[in-house]
Amino acid sequence: MLKFVTDKDGVKRYLVTLKVNGNEYTKMVKANSLLVNFLRGELDLTGTKKACEQADCGACTVLLDGKPVNSCMILTINADGREITTVEGLASNGKLDILQEKFIEHSAPQCGYCTPGILMSAKALLNRNSHPTEYEVREAIAGNLCRCTGYVNYVKAILDAAENQ
Amino acid sequence: MYLPNFEYFQPDSIEETCQLLSQFGSKAKLMAGGTDVIIKMKKELLAPEILVSIEKIDQLKKIEYVPGKGVVIGSGVIHNDLVYSELLHEKYLSISEAARQMANNQVRNLGTVGGNIGSAVPSADLPPILIALGATVKITGVQGDRTMDLENVFIGPGKTVLTQDEIITEVVIPDQKMTGSNYIKFGLRASGALAVVGVAAAVQVDNNAIKDARIVLGAVSPTPVRAKKAEEFLRDKKISDELLAEAGVIASGECKPITDVRGSAEYRKDMVRVFTRRALRKAIDEGHA
Ligand SMILES: Cc1cc2nc3c(=O)[nH]c(=O)nc-3n(C[C@H](O)[C@H](O)[C@H](O)COP(=O)(O)OP(=O)(O)OC[C@H]3O[C@@H](n4cnc5c(N)ncnc54)[C@H](O)[C@@H]3O)c2cc1C
């Protein structure tokens, strides 16, 4: 059962616990809190971007229990008790993830706005399928729009990361 | 973008869900993956006072084979679980492939089978292939359960026969006489695009003749529709390219498409002709693959 308090205007705030990048956060949120706003506003994890906010562009992609999802479509309350990984959670002990290394090596990001989302989609792909084909890479990042249209180097970088992980 | 205030309930059983929906009536909105509901709320097309989420009901998230009944898909199953289901790969790859063509990877990890049916969008991708395979749905409300053919669930765009307190709990694909099935979708892009036209076909082939066929057209009428005249025409006929082409012509006369930003009515009608022929051919040649 969700615990909540009701303020004098009758608005409820619910107690949620989320595990984000390995850290547990317990917070009070309104039901209408969207995960993307919670991550950026409450936890200062601004690597997760907002653009279309209609699940079309993928800039807000995070991993929810290991699966890539659009955090603009998810209520924070729905993520209660679940594990979230954002782009900030990819590097560990000051060392970049192989995908990040390869993105740099291949100069994959142009303006960079779609990059966190693409990293998360690519990470989920490699977790599920360590040796994807080019088609599978393209399919995995099809929900991430790059308006610089620089997909070619992203695909090369992801394939390179898969080979060298 | 921010959402207006609402209250949130997260029941962990079907019974409680139906009770909440009954208790709050039209103030409440049922939500599964939310890929439709949340967008509508953002666009201010929907402003429920109460959201009832079925996300926490694990019972709704199973795909299993029940002997004597068929393949049972819980309404809370997400699209990517259809895409990767080994059971479906073995029995009805056609359903997995239909799911795979939907939306994009992120949305497929949120959107559910129940939501795809419940939203009753004419262009939804799962109903055509499910109807072609003769799927039934189990609907549960405060009064109990009822089972009906999926094709009778839809009334019009955004409208189903479900009452306020009812939810779809499972979709059942009965054991088949049909030897093959297939769904072909045309969207304006390979990913993240709704169907301009979608055609599903299932056929029972015996001795190079069609014994039985089902053809279901999506995105070309207010609800998914069966091309019954084309089905009737095919029955007990020897398979030939001309036969399938003729069935396509008949099917294209059985839809009532509209003209919108994604395509004109004339274009859609003609695409039904082509896709019916192709979907039949694939179902004949490749089985349920
Ligand atoms: C970017 C994007 C791309 C998309 N592309 C496609 C596509 O290619 N093809 C396609 O078909 N759809 C597409 N959709 C639409 C949508 O994602 C799907 O229809 C999805 O299956 C909806 O499921 P949901 O669980 O998210 O539904 P929700 O938003 O939770 O609910 C949708 C409706 O169904 C009702 N409902 C939910 N569960 C049940 C139930 N168990 N019983 C009865 N009613 C229920 C809800 O009350 C609501 O009215 C797309 C959406 C987005 C955002």
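If you're wondering where the values come from, they're calculated on a predicted model, not measured in any experiment.

Quick word on the overall build of chain B
Along its length, chain B carries 11 helices and 15 strands. The globule rule puts the C-alpha radius of gyration for 289 residues at 19 Å, and the 19 Å found for chain B is close to it. For chain B, the residues scored as buried account for 56% of the 289 residues in total. Within chain B, residue pairs in contact and separated by at least 24 positions form 61% of the contacts whose partners lie at least 6 positions apart. For chain B, the accessible area works out to roughly 12,200 Å², and carbon and sulfur atoms hold 49% of it.

Comments concerning helix H1 (residues 14-24) of chain B
Residues and elements named next belong to chain B. Every buried residue of H1 is listed here: Ile14, Thr17, Cys18, Leu20 and Leu21. For H1, the buried positions fall inside an angular range of 160 degrees around the axis, keeping them on one side. The exposed residues of H1 that point more than 90 degrees off its buried face are Glu15 and Gln23. Its buried side turned inward, H1 meets strand E1 (7-9), strand E2 (28-31), strand E3 (50-53), strand E6 (136-141) and strand E10 (167-173). Measuring from the backbone nitrogen of glutamate 16 back to the side-chain oxygen at the start of H1 gives 3.1 Å, which picks out serine 13 as the cap.

With respect to helix H3 (residues 115-128) of chain A
If you check H3 of chain A, its first and last C-alpha atoms are 20 Å apart, about what 14 residues at 1.5 Å a residue would give, namely 20 Å. Burial analysis of H3 of chain A places 11 of its 14 residues in the buried class, the great majority of the element.

Details of the confidence of the model for chain B
In this model, chain B carries a mean pLDDT of 96, and residues with pLDDT of at least 70 account for 100%. Scored by ipTM, the complex comes to 0.96, with pTM at 0.97.

Here we look at the pattern of salt bridges
Taken as a whole and assessed by the stated rule, the structure comprises 27 salt bridges over all chains. Among the salt bridges present, the one from glutamate 42 of chain A reaches lysine 27 of chain A, with a minimum N-O distance of 3.8 Å. Taken as a pair, glutamate 42 of chain A in helix H1 (residues 35-42) and lysine 27 of chain A in strand E3 (residues 23-30) lie far apart in primary sequence, 15 residues in all. Under the relative-accessibility criterion, lysine 27 of chain A is labelled partly exposed at 25%. Among the ionic pairs, lysine 123 of chain A bridges to aspartate 97 of chain A, the shortest N-O distance being 2.8 Å. Taken together, the residues lysine 123 of chain A in helix H3 and aspartate 97 of chain A in the loop between strand E6 (83-85) and helix H2 (98-105) connect sequence positions 26 residues apart. The exposure class of aspartate 97 of chain A is buried, given its relative accessible area of 10%. It is possible to trace a salt-bridge network through shared partners that takes in Asp65 and Arg82 of chain A together with Glu55 and Lys61 of chain B.

Reading the values: the criteria
Residues numbered from 1 in each chain as written. Chains lettered and ligands numbered in written order. Predicted model: local features only at pLDDT ≥ 70, side-chain atom pairs only at ≥ 80, totals over all residues. Heavy atoms only, no water. Helix = DSSP H or I, 4+ residues; strand = E, 2+ residues; numbered from the N terminus. Rg over C-alpha atoms; globule rule 2.2 N^0.38 Å. Buried < 20%, exposed > 50% of the residue type's maximum accessible area, 1.4 Å probe, protein only. Contact = heavy atoms within 4.5 Å. Areas by Shrake-Rupley, 256 points an atom, 1.4 Å probe, with all protein chains shown as cover. Arc of directions from axis to C-beta. Polar contact = N/O pair within 3.5 Å; in protein donor to acceptor, adjacent residues only side chain to side chain. Expected span 1.5 Å × (residues − 1). pLDDT = per-residue confidence, 0-100. Salt bridge = Lys/Arg side-chain N within 4 Å of Asp/Glu carboxyl O.

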